[in-house]
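A look at the structure
Here are the chains, one letter per residue:
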Amino acid sequence: MTKDPKVVSIVVRVHNDERRVASFLRTIDAYFAERFANYEFVVADDQSTDRTADVVAEVATELHGSLTLLRLANRHGRELSMVAALERAMGDFLFELEDVQIDYPLDVLGRMYDTALSGYDIVGATPKRLPIRLRVFYWLCNRLSRYEPGLTYEHIRVVSRRAVDAMVQLRERVRYREVLYRYTGYRQTRLTYEGTGRWRFAGRDSLSFALDVLLSFTDAGVRTAHALSVLFLIGAGGGVIWTIVRSLLSDSLPPWWMDIGIMLALGFGGVYLLLGIIGEYLARILAEVRSRPLYTLDKTQSLV
């Protein structure tokens, strides 16, 4: 079998993976050694507190491909750690493997690469069956956003060099590569695979990632502000009606009670309306600060 001459990079983030990282690197290296003549590993150590970095250094001498280890000074999380490694990778195509959990058959890596060569700059892969917590989370994200196709869990991805460079140059401070790649304008597609192995809950990283996605890449904040504004306006209107009805039906209330009740209800209603308007303006200002592209293209054809 003739090996592919292109230079490819395998980018992975590790954190306290002392027991798993050696097996992972050997397994991935064996697969790539059969198919590629030139490849490299770029490993981002997200401030591990165990011997993960030492194990990576020990295994590096056994691998067919070169290995670069980035030891981050602080805990950055999955997305920023991956971006740090992507910026230093040299490959024409980059395989993004977000952690050392191999829940996918290795042949899907080849399928993704072949798909990329057929004309796609971004090829993601997602398991056919997801845990309930992930299905609920991405259902909520898609209900609160307008991305097409919808967001889902992409554990692995193959990206061209130019797509990575375009994504890195975006001015977003909060990074979520699945969305940011869409703003680059390069063609993308998604494959599916039969997942294998057990899911590992990342705890703090997963919760932080979920909050970042909901607050920065969906309309959760502004929709919540709108919903609360409408809800409290309805409550204020109901308060006005209740004040009038009770004043008319009761002879024991002082004459100023109805005036004060109406004024308070309308005052609070106005405050909540103002908060809703402020929330909308803040969302628009945030969109301007991010400087996201006004539109993205799938492809351009020149027809005679």
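For the structure, check the block above.
Residues numbered from 1 in each chain as written. Predicted model: local features only at pLDDT ≥ 70, side-chain atom pairs only at ≥ 80, totals over all residues. Heavy atoms only, no water.

What follows covers helix H2 (residues 52-60). Within the span of H2, buried status applies to Thr-52, Ala-53, Val-55, Val-56 and Val-59. With its buried residues spanning 160° around the axis, H2 presents them on a single face. Close packing links the buried residues of H2 with strand E1 (4-14), helix H1 (21-35), strand E2 (36-45) and strand E3 (66-71). (Buried < 20%, exposed > 50% of the residue type's maximum accessible area, 1.4 Å probe, protein only. Helix = DSSP H or I, 4+ residues; strand = E, 2+ residues; numbered from the N terminus. Arc of directions from axis to C-beta. Contact = heavy atoms within 4.5 Å.)

Below, the discussion takes up the side chain of Glu-154. Looking at the element boundaries, Glu-154 is found in the loop between helix H5 (132-143) and strand E6 (156-160). A polar side-chain atom of Glu-154 sits 3.0 Å from a polar atom in the side chain of Arg-157. In terms of polar contacts, Glu-154 uses its side chain to reach the side chain of Arg-190, at 2.9 Å. The contact partners of Glu-154, leaving out residues within four places of it in the chain, are Glu-98, Gly-124, Ala-125, Glu-178 and Arg-190. (Polar contact = N/O pair within 3.5 Å; in protein donor to acceptor, adjacent residues only side chain to side chain.)

What tends to happen in soluble globular proteins is that the nonpolar side chains get buried as a cluster. Membership of the largest hydrophobic core comes to 37 residues, with the highest contact counts inside it found for Val-11, Phe-137, Tyr-138 and Tyr-176. Among residues more than four places away in sequence, those in contact with Phe-137 are Phe-209, Ala-210, Val-213 and Leu-214. Within the second largest apolar cluster, 36 residues are counted, among which are Val-14, Phe-93, Ala-116 and Val-158. (Core = buried A, V, L, I, M, F, W, Y, C linked by side-chain atoms within 4.5 Å.)

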